[in-house]
Amino acid sequence: MGRQRGGRAASTPRRVKTTDAAKGPVEGLYDIDTGTCELVKDRYLPDGWVLEVNGVPSSHIDLSDPTLLEFEYMRWIALLVESRFATGTRLRALHLGGGACTMARYFAAVYPDARQVVVEIDGRLAELVREWFDLPRAPLLRIRVGEARAVLTGLSDDSRDLVVRDVFAFDRTPVALTTVEFTRHARRVLSPGGIYVVNCGDTRDLTTARREAATIGSVFEHLAVIADPAMLKGRRYGNIIIAGSDTPLSDTPSLARELLGGAVPAHLWDDTQVRRFAAGSRVIDDSEAPVRKSGTPVDAGTNGKTQGLHES
């Protein structure tokens, strides 16, 4: 879920039979495992496309430029990561939430030796994204079809440098992906100096963001928040980036300056400011997450459909 810098042309979607989908993007409405997705041409960019999943903007991708990030929150994540890891780093990244793999495609361009896994619950969407967009192949970029929590909990300790959580069921992140138990698994799989980054969508009251910050802050020693001033002041619905690490996240002077650039300037809050923001908010735990008959928390918006684990 995100806001684009520019607008796009209104469209009357036509339903495209997925069995007839050609290689490369074709504008229209597609049936996927968890509902529908719509692929819309960006009228401002010749090679730009917007992917909406169940009516919610999910991703923007430019076929000619993998480093172009039209959703501002993705640009903020990129700047944060680049402030920590030099471009020659063989970055080990886990993306929880796939969409069009925009963020993974960006990091593949900036970190050519990166090894990335994108976890996407919708198997048909993963197939379509592979057909439509020029994505690096394994082992550089694997798309793993499965549930984010199930995949995360099965990973080895110290096996990733970066974990990005960008999962939405319609316009909300499933509760089971926000809990302290889930966050501990993210901390466990990160190597020393690694970063856990979440895209938190919230309303004007900022209750969700405060509770997510409190939860992440109960697991990680250092926090940072990135968002535009209107969002931080509770003036609109939108995205707040919350990050946790075992080392300071806001100690690079250039990061704050770079975040002020772009069409939507953002502010960077350091650990002290984030903990003040989260003060008094209750940590989220698994008791708040819906539970399946098996006793494990429900961790994605599947419309009742459970996906098996496989990679493409």
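As shown above, the structure is provided for reference.
Below you will find a few notes about this structure. Within any chain, residue numbers begin from 1 and follow the written order of that chain's sequence. It should be noted that, the model being predicted, local features are given only for residues of pLDDT at least 70 and side-chain atom pairs only at 80 or more, the latter also being counted only at that level, while totals for whole chains, interfaces and linings use all residues. Just so you know, side-chain values use all the structure's heavy atoms and leave hydrogens and water out.

Overview of the side chain of His95
Part 1: Here a helix means four or more residues in a row that DSSP labels H or I, a strand means two or more in a row labelled E, and each is numbered from the N terminus. Summarising the element assignment, His95 is placed in strand β6 (residues 92–96).
Part 2: Should any heavy atoms of two residues lie within 4.5 Å, those residues are counted as being in contact. Setting aside chain neighbours within four positions, we find His95 in contact with Met103, Ala104, Phe107, Gln116, Val117, Val118, Val119 and Val164.

As for the pairing of strand β11 (residues 222–227)
Part 1: Across the 6 residues that make up β11, a large majority, 5, are buried.
Part 2: Only strands joined by at least two bridges in the DSSP assignment are considered to pair. One ladder, built from 5 bridges, connects β11 with strand β12 (residues 238–245); its direction is antiparallel. The residue of β12 that forms the bridge with Ala224 is Ala243. Under the scheme applied here, a residue whose accessible area is under 20% of the maximum for its type counts as buried, over 50% as exposed, and between as partly exposed, the area being computed with a 1.4 Å probe on protein chains only.

Considering the environment of Gly55
Part 1: Here Gly55 is to be found in the loop between β4 (48–53) and β5 (56–62).
Part 2: Classification of Gly55 as exposed rests on a relative accessible area of 58%.

Concerning helix α9 (residues 271–278)
Part 1: Turning to α9, its buried residues are Asp271, Val274, Phe277 and Ala278. All buried residues of α9 lie within an arc of 125° about the axis, which places them on one face of the element.
Part 2: Taken together, the buried residues of α9 touch α6 (207–217), β11 and β13 (267–269).
Part 3: Any N or O atom pair separated by 3.5 Å or less is treated as a polar contact, with the protein-specific requirement of one donor-capable and one acceptor-capable atom, and with residues adjacent in sequence counted only for side-chain atom pairs. The N-capping residue of α9, defined by a side-chain oxygen 3.3 Å from the backbone nitrogen of Thr272, is Asp270.
Part 4: At the C-terminal side of α9, Gly280 shows a positive phi close to 85°. Think of the arc as the fan of directions from the helix axis to the C-beta atoms.

Topic: the packing of aromatic side chains
Part 1: Only centres within 6.5 Å qualify two rings of Phe, Tyr or Trp (six-membered ring in Trp) as a pair; their planes then separate them into stacked at under 30 degrees, edge-to-face at over 60, and tilted for everything else. In the structure shown here, the tally under the stated rule is 7 aromatic pairs.
Part 2: A ring pair is formed by Phe71 and Tyr73, whose centres lie 6.3 Å apart and whose planes are at 35°; its orientation type is tilted. One exposure class covers both Phe71 and Tyr73, and it is buried.
Part 3: With centroids separated by 5.6 Å and ring planes inclined at 75°, the aromatic side chains of Tyr106 and Phe107 adopt a geometry described as edge-to-face.

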